Amino acid sequence: MYTAHPDRYAHMPYRRAGNSGLKLPALSLGLWHNFGPDRTAEGQRAILRRAFDLGITHFDLANNYGPPPGAAESALGAVLATDFAPHRDELVVSTKAGYLMWPGPYGEWGSRKYLLSSLDQSLTRLGLEYVDVFYSHRFDPETPLEETMGALHSAVQQGKALYVGVSNYSAEQTREAARILGELGTPLLIHQPRYSMLDRRPESEGLLDALDDLRVGSIAYSPLEQGLLTGRYLNGIPEDSRAASDSPFLRRDAVTEDLVDRLRALNALAEERGQTLAQLALAWVLRGGRVTSALIGASSTRQLDDSVAAVGNLDFDAEELARVDALVGP
């Protein structure tokens, strides 16, 4: 029988999501990888238990996470039904719909039919009556945004979601989504962009400025840039790494000699701060409070522990920030 750690809230910082009453842990656990039938149920259960014991109260999913699609929601659902059943009201569970989930014209994008059907399927896999946050996973250029946002609003009105969010929307699309939702009476809670030291588009393309203006929260995915910022690539490409596997998410030709040199320089800065490169990368994303939470993945409890240690030093001085900018660009 699982007994939650009595001091689970002692060390994790919690940040308010935009203008809402909801606070999220500085680090949230994403179930994008590592939660499917190719991993043991006990291993998955151990990661989820350890995350909660460390103060991670937010588990982030999407309908297509696995593999195969749906597997991550089913894996969390099994643990929700056993270990976390007494703690449901301490947890924030989020899911999304937007990418391909089933064949045919109604299995992806942003139609009302797809989004609400997908949410029903997600709730069944999770064994829940509602999720805390339901996202439109990507902007649909062929569906009126009023329809997509109307579907999110309906999910709240039906009691199947408490809050709504968007992911992979541009600054302009986010402003329009927030306007529509505001008129409907369901505020936009949060945006989930890709953001890391090596991918600063949310800054350069004005998304973070838009979120500040709208008083909308943000949760960064891929803050470790598909493992490039974990230290695994400081000496090239390991044979068992994602880049060596010809993953569509990290190509071998992306790991250039110049990039490795910059990663080594970032690692030197991390060591001066008493951190690993991964901890430095997570702390940098969370610097200054503009980002509500950073999403981490974990294939083991040891990896989880290393990531969570980042919250012990989230402050940067001007010289450190300048060094990062010189290495990866402002």
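Each remark here, short or long, concerns the structure printed above.
Below is a short write-up of the structure. Residue indices follow the written sequence of each chain, beginning from 1 at its first position. For a predicted model such as this one, the threshold for reporting local features is a pLDDT of at least 70, and the threshold for listing and counting side-chain atom pairs is 80 or more; totals across whole chains, interfaces and linings nevertheless cover every residue. Based on all heavy atoms of the structure, the side-chain values leave hydrogens and waters out of the count.

**A closer look at the pairing of strand β6 (residues 131–136)**
Any residue under 20% of the maximum accessible area for its type is buried, any over 50% is exposed, and the rest in between are partly exposed; the area is computed with a 1.4 Å probe on protein chains only. Helix and strand definitions follow DSSP, with helices as H or I runs of at least four residues and strands as E runs of at least two, each counted in order from the N terminus. Counting buried residues in β6 gives 6 out of 6 residues, a clear majority hidden from the surface. Two strands qualify as a pair provided that DSSP identifies no fewer than 2 bridges between them. In this sheet, β6 lies alongside strand β5 (residues 92–97) in parallel orientation, the contact comprising 4 bridges. Paired with Lys-96 across the bridge in β6 is Tyr-135. In this region the chain leaves β5, passes through helix α3 (residues 112–126) and returns to the parallel neighbour β6; the handedness of that crossover is right-handed. Throughout, right-handed denotes a crossover for which the path from the first strand over the helix to the second runs clockwise when the strands point away from the viewer. Chirality of the crossover, the property in question, places the unit of β6, helix α4 (residues 145–157) and strand β7 (residues 161–167) among those that are right-handed.

**Some remarks on the packing of helix α2 (residues 71–81) against α3**
Helix-helix packing is described using two parameters, namely the angle between the two axes and the distance between the axes. In contact at an axis separation of 7 Å, α2 and α3 are set at 45° when each is read in the N-to-C sense. Relative to α3, the element α2 is oriented oblique. Residues Glu-73, Ser-74, Leu-76, Gly-77 and Leu-80 of α2 lie in contact with α3, whose contacting residues are Ser-122, Arg-125 and Leu-126. Across the contact of α2 with α3, the residue classes tally to 3 nonpolar, 3 polar and 2 charged. Note on method: axes are straight lines fitted to C-alpha atoms, helices fitted across the in-contact stretch only, with angles between N-to-C directions ranging 0 to 180 degrees. Working definition: roughly parallel below 35 degrees, roughly antiparallel above 145 degrees, roughly perpendicular at 65 to 115 degrees, and oblique for all remaining angles. Residue contacts are defined here by distance: any two heavy atoms, one from each residue, within 4.5 Å place the two residues in contact. Just so you know the grouping, Ala, Val, Leu, Ile, Met, Phe, Trp, Tyr, Cys and Pro go in nonpolar, Asp, Glu, Lys and Arg go in charged, and all remaining residues, Gly too, go in polar.

**Some words on helix α11 (residues 318–328)**
Burial in α11 covers these residues: Glu-320, Val-324 and Val-328. Looking down the long axis of α11, one finds its buried residues gathered within 50° of arc, a one-sided arrangement. Set apart from the buried face of α11 by more than 90 degrees, the exposed residues are Ala-318 and Ala-326. Along its buried surface, α11 packs onto α8 (257–272) and α9 (277–285). Here, the arc refers to the directions that run from the helix axis to the C-beta atoms.

**Examining the pattern of salt bridges**
The working definition used for a salt bridge is a side-chain nitrogen of Lys or Arg within 4 Å of a carboxyl oxygen of Asp or Glu. According to the stated counting rule, one finds 27 salt bridges in the structure shown. With its nearest N and O atoms 3.2 Å apart, the salt bridge here joins Arg-262 to Asp-258. You can see Arg-262 and its partner Asp-258 sitting in helix α8, 4 residues apart, about one turn around the helix. On the basis of relative accessible area, Arg-262 is assigned to the partly exposed category, the value being 26%.

**Regarding the nonpolar core**
Counting 91 residues, the largest nonpolar core has Leu-29 and Phe-59 as its most contacted members. If one sorts the elements of this core by residue count, α9 sits on top with 8 residues. The residues touching Phe-59, leaving out its near neighbours within four places in the chain, are Leu-29, Leu-31, Leu-48, Ala-51, Leu-76, Phe-84, Leu-91, Val-92, Val-93 and Ser-94. Val-133, Leu-189, Ile-190 and Ile-219 belong to the second largest nonpolar core, which has 10 residues in total. To qualify as a nonpolar core, a set must consist of buried Ala, Val, Leu, Ile, Met, Phe, Trp, Tyr and Cys residues joined through side-chain atoms within 4.5 Å.

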